[in-house]
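For reference, the chains in residue letters:
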Amino acid sequence: MNKQIKGHLHPMTQMINEINSIFFDMGFEIADGPEMESEHYNFDALNIPENHPARGMQDTFWVKDKKSTVMRTHTSNVQIRYMQNNKPPLRIIAPGKVFRNEATDSTHEAQFYQVEAFMVDETTTLGTLKGVIKIFLEKFFNKDIDIRFRPSYFPFVEPGIEVDMSCFKCEGKGCSICKNTGWIEVLGAGMVHPNVLDGVGIDSKKYQGFAFGVGIDRLGMLKYGIDDVRLLYQGDLRFVNQF
Ligand SMILES: [Zn+2]
């Protein structure tokens, strides 16, 4: 009799489950939203003005014959929808597919996975953000990790921050993963822009919060040493069965 081969969850699903569980332990709910989204939820409500380069044809898939509709370019649309239906305090993560109209190569896919973390209440600060990111990355990489903030710009946060983590491989000594700097750029974050809160009727004078978004593909590539993002989408069992 033939031996039956047992299947298992795809590495991407495994990583999403793991991330969900880490945030669940920190009191975050898991929220979901549409992948095909209106211009309003993908851009306007996130303080991305009409002339912003992120709206350009090179980055966004516009849906043919459907006016003002895009394939979402981030999972941040979920935070807007969630805020419309829930009152602070809010703690959610939104894992899901996002789409960018760009050429595919070993580090870029036109479709990939992102998880957005979002927290709003009366006391959340940049310190809270730093703590949550540190706990998340330490659990995901199973290592002690330091976090470094650099100023950056994203329209839906103020201030905007680029987050580096200490290299989990060489612990700061320098290696090929961190390009000998000891640091790896992992995600974009910031404090939710008052315009975003006020836009959904949450008083920005009373409430504040953070948001950060991270590519799950990128985290997985770092953690498992995957050198081509396309491997995650080709269904090649020689790859999938290594997980
Ligand atoms: Zn390193």
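All figures in this text were calculated on a predicted structure; none of them were measured in a lab.

**Q** What is the right way to read the overall build of the protein chain from this model?
**A** On a plain count of helices and strands, the protein chain comes out with 7 helices and 9 strands. The C-alpha extent of the protein chain, read off along each of the three principal axes, is 65 × 50 × 35 Å. Scored against the burial criterion, the 243 residues of the protein chain give a buried share of 33%. Intrachain contacts of the protein chain at a sequence separation of at least 6 include 65% that bridge at least 24 residues.

**Q** What is the right way to look at helix α6 (residues 216–224) in this model?
**A** Residue pairs three or four apart in sequence face the same way in an α-helix, which turns once every 3.6 residues. Burial in α6 covers these residues: I216, D217, L219, G220 and L222. Residues of α6 that are buried in the fold lie against α1 (11–25), β4 (90–99), β5 (111–121), α4 (126–141), β8 (183–192) and β9 (208–215). Positive backbone phi, approximately 65°, marks G225, located one or two places after α6.

**Q** Teacher, can you tell me more about the pairing of β9 here?
**A** In summary, the side chains of a regular strand alternate between the two faces of the sheet. In terms of residue burial, β9 counts as a mostly covered element, since 7 of its 8 residues are buried. Relative to β9, β5 runs antiparallel, the two being bridged by 8 bridges. What sits directly across from F118, in β9, is A211.

**Q** Explain the environment of I145 here, please?
**A** With respect to the secondary-structure elements, I145 resides in the loop between α4 and β6 (147–152). A C-alpha to C-alpha distance of 6.5 Å links I145 and M165, two positions 20 residues apart in sequence. Those residues in contact with I145 that sit more than four places away from it in its chain are K134, L137, E138, M165, S166 and F168.

**Q** I'm lost on the pairing of β5 in this one. Help?
**A** Counting buried positions along β5 yields 8 of 11 residues, so the element is predominantly enclosed. Relative to β5, β4 runs antiparallel, the two being bridged by 10 bridges. Residue I92 lies in a different strand from β5, and its bridge partner there is F118.

**Q** Looking at this model, I keep getting lost on helix α3 (residues 77–85). Mind explaining?
**A** The complete set of buried residues in α3 reads N77, V78, Q79, I80 and M83. Next to the buried residues of α3 lie β2 (36–38), α2 (39–42), β4, β5 and β9.

**Q** In this structure, what is going on with the sheet that holds β6? I would like to understand it.
**A** Paired through backbone hydrogen bonds, the strands of a sheet run either parallel or antiparallel to each other. Taken together, 7 strands build an open sheet; the order of strands is β1-β4-β5-β9-β8-β7-β6 and the sheet is mixed. Edge positions in the open sheet fall to β1 (29–30) and β6, since each of these has one partner strand only. Where β8 and β9 come together, 4 bridges link them in antiparallel fashion. Among the inter-strand pairings, G190 is bridged to a residue of β9, identified as A211.

**Q** Could you clarify how one ought to interpret the nonpolar core in this entry?
**A** Soluble globular proteins tend to bury their nonpolar side chains together. Counting 54 residues, the largest nonpolar core has A117, A189, A211 and F212 as the members making the most contacts within it. Discounting chain neighbours no more than four positions away, the residues touching A189 are L129, I161, V163, F210, A211 and F212.

**Q** Help me understand the packing of α1 against α4, please; the structure alone is not making it clear to me.
**A** In helix packing, the relevant descriptors are the interaxial angle and the interaxial distance, both defined with respect to the helix axes. At a minimum axis separation of 10 Å, α1 and α4 run at an interaxial angle of 135°. In terms of axis orientation, α1 runs oblique to α4. α4 is crossed by α1, and the crossing has right-handed handedness. From α1, E18, I19 and I22 reach across to α4, where they touch F136, K139 and F140.

What counts and how
- In this convention, every chain numbers its residues from 1, walking through the sequence in written order.
- Reporting of local features is limited, given that this is a predicted model, to residues whose pLDDT is at least 70; pairs of side-chain atoms are given and counted only at 80 or more, and all residues count toward the totals for whole chains, interfaces and linings.
- In DSSP terms, a helix is any run of H or I states spanning at least four residues, a strand is any run of E spanning at least two, and both are numbered starting from the N terminus.
- As a rule, residues whose C-beta atom has 12 or fewer other C-beta atoms within 10 Å are exposed, those with 20 or more are buried, and those in between are partly exposed; C-beta atoms are placed from the backbone.
- Once C-beta atoms have been placed from the backbone, residue pairs whose C-beta atoms lie within 7 Å are recorded as contacts.
- A pair of strands is treated as paired once DSSP finds two or more bridges between them.
- Definition of nonpolar core: a set of buried Ala, Val, Leu, Ile, Met, Phe, Trp, Tyr and Cys residues joined via C-beta atoms within 7 Å.
- Lines are fitted to the C-alpha atoms to define the axes, a helix being fitted only along its stretch in contact, and any angle between axes, read from their N-to-C directions, falls within 0 to 180 degrees.
- By the definition adopted for this analysis, an angle is roughly parallel if under 35 degrees, roughly antiparallel if over 145, roughly perpendicular if from 65 to 115, and oblique otherwise.
- Each helix crossing is assigned a hand: it is left-handed if the near helix lies turned anticlockwise from the far helix by less than a right angle, otherwise right-handed if that turn is clockwise.

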